[in-house]
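# Observations on the model geometry
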Amino acid sequence: MLFRSRLWLASGQGAILFTPEAPPGSRWFFFSGKRYLRDDQVVQIVAERSRAWIRTATGISLIEFKPYSLNLKSTLFLKRIEERHRRYGYVAGCELLRAGDAASCRMAPDDNDGLWTSIYVAAECFRYATTHSESALHNARTALAAMLRLVSVTGIQGYPARSLMHKGDYRDPSGEWHWTPDGEWEWKGDTSSDELVGHFFAYWVAYKLLPGDEDRSAIRSAVSSIANGLIDHQLHLVGYEGRVTTWGRYDPVYLKTVGGDERALDSLEALSHLRVAYQITRNPKILDAYRRIGSDLGYVQNVVHFT
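Residues numbered from 1 in each chain as written. Predicted model: local features only at pLDDT ≥ 70, side-chain atom pairs only at ≥ 80, totals over all residues. Heavy atoms only, no water.

## Some words on unusual backbone geometry
- Here the phi dihedral of Leu235 falls at roughly 65°; this positive angle occurs in a residue that is not glycine.
- Tracing the chain through its elements places Leu235 in the loop between helix H6 (213–232) and strand E14 (236–238). (Helix = DSSP H or I, 4+ residues; strand = E, 2+ residues; numbered from the N terminus.)

## Some points on the sheet that holds strand E13 (residues 185–188)
- What the three strands build is an open sheet, ordered E11-E13-E12; its pairing is antiparallel. Because the sheet does not close on itself, it has two edges, and the strands there are strand E11 (163–166) and strand E12 (177–179). Within this sheet the neighbouring strands show an average axis-to-axis angle of 25°, counted without direction.
- Sheet topology places E11 next to E13; four bridges connect them, and they run antiparallel. (Pairing = 2+ DSSP bridges. Axes fitted to C-alpha atoms, helices over the stretch in contact; angles between N-to-C directions.)

## Observations regarding the sheet that holds strand E3 (residues 28–31)
- If you trace the three strands from one edge of the open sheet to the other, you get E1-E2-E3, paired in antiparallel fashion. Single-partner strands in this sheet number two, and they are strand E1 (7–11) and E3. For this sheet, the mean angle separating the axes of adjacent strands, direction not counted, is 20°.
- As defined by bridge partners, E1 adjoins strand E2 (residues 14–18) across five bridges and the pair is classed as antiparallel. Each residue of the ladder has a partner; that of Leu7, found in E2, is Phe18.

## Re the pattern of salt bridges
- A full pass over the atoms with the stated rule returns 18 salt bridges.
- As a salt-bridge pair, Arg51 and Glu64 come within 3.9 Å of each other at their nearest N and O atoms. Placement of the pair is Arg51 in strand E5 (residues 51–56) and Glu64 in strand E6 (residues 59–64), with a sequence separation of 13 residues.
- With a relative accessible area of 40%, Glu64 lands in the partly exposed category. (Salt bridge = Lys/Arg side-chain N within 4 Å of Asp/Glu carboxyl O. Buried < 20%, exposed > 50% of the residue type's maximum accessible area, 1.4 Å probe, protein only.)

## Here's the deal with a nonpolar patch on the surface
- There is a patch of nonpolar side chains on the surface, built from Val46, Trp53, Ile60 and Leu62 and spanning about 340 Å² of accessible area.
- Position of Trp53 among the secondary structure elements: in strand E5. (Patch = residues over 30% accessible without salt bridge, like charges linked within 9 Å, V, L, I, M, F, W, Y side chains within 5 Å. Areas by Shrake-Rupley, 256 points an atom, 1.4 Å probe, with all protein chains shown as cover.)

## Focus on the state of the cysteines
- One pass over the full model with this rule turns up one disulfide.
- Linked covalently through their sulfurs, Cys94 and Cys105 form a disulfide whose S-S length is 2.2 Å. Taken together, the positions of Cys94 in strand E9 (residues 94–96) and Cys105 in strand E10 (residues 105–107) put the pair 11 residues apart, joining distant regions of the chain.
- Residue classification places Cys94 among the partly exposed positions, given a relative accessible area of 22%. (Disulfide = S-S within 2.5 Å.)

## Some points on the packing of helix H3 (residues 113–131) against helix H4 (residues 134–152)
- Axis separation between H3 and H4 bottoms out at 8 Å; the angle between their running directions is 150°. Relative to H4, the element H3 is oriented roughly antiparallel. Handedness of the H3/H4 crossing: left-handed. Mapping the contact onto sequence places Gly114, Thr117, Ser118, Tyr120, Val121, Glu124, Cys125, Arg127 and Tyr128 in H3 and Ser135, Ala136, Leu137, Asn139, Ala140, Ala143, Leu144, Met147 and Leu150 in H4.
- Residues that form the contact of H3 with H4 fall into these classes: 11 nonpolar, five polar and two charged. (Parallel < 35°, antiparallel > 145°, perpendicular 65-115°, else oblique. Left-handed = near helix turned anticlockwise from the far one by under 90°. Contact = heavy atoms within 4.5 Å. Nonpolar A, V, L, I, M, F, W, Y, C, P; charged D, E, K, R; others polar.)

## Quick word on helix H9 (residues 284–296)
- With 13 residues, H9 ought to run about 18 Å at 1.5 Å a step, and its terminal C-alpha atoms sit 17 Å apart, in line with that.
- Backbone nitrogen of Lys285 and a side-chain oxygen of the N-cap are separated by 2.9 Å at the start of H9; the cap is Asn283.
- One or two residues past the end of H9 sits Gly298, with phi positive at roughly 80°. (Expected span 1.5 Å × (residues − 1). Polar contact = N/O pair within 3.5 Å; in protein donor to acceptor, adjacent residues only side chain to side chain.)

Here it is in structure tokens:
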């Protein structure tokens, strides 16, 4: 959106823009660092209606404001993801070996590969449902297959990995890593509750919006595995060698040790996971567990009392 009134301010820590006609909360913009400027020492600003030339101590930058439709914005980000953020079907981070040089991008596994990929799955499912785009359907299914692989690659019932990598790939040496039996892949353990949120979100959206029964069957199997794993292990996410993961706890004893907001969030997550699993599987065991923790164990009250 373009506004008639703009006030630009130069400073030694970047450029500031004030648009008094904009809605509250959208009136101030701050531009600094390598993302927008050559450096933060702003010497001069030459403002035009929809752009500004900003001279700093080491060079000149152009800040432009252009209207974007949702489709154009989507196209921009999809192109960027395809160029340097897709790794074995996952949406991965991009480490620049040389600052500011996108060509030096090095992809590597991350703790939240499952979470970021789940958001991508859902987004492409929404795009497919709205536009019937074949590329959206392909992207959603490719990323969904990567998510499902995180569940199967561990060989542990109901336990998805954080990420995986092929032998010889670069990775940070830290973290809990385990080889697959064929010695070709490593998967990252100590999976957190954040990752489960991603899985259940992606599975629910994909189950509702993708057109194929084959997709639903695979999702149903993964959801059933994870949900029954939580139930059978007393609301613990149990991973390698039967260990409960650091942040994979939804049990009542653990919830008593955390504050109100975290207790409410964890309770809501556990209820949501089981409800989604029941809606997909229609397994009465999962519905019974959902009702038990919601009512008998007080998880609903944990949420209600906080809000």
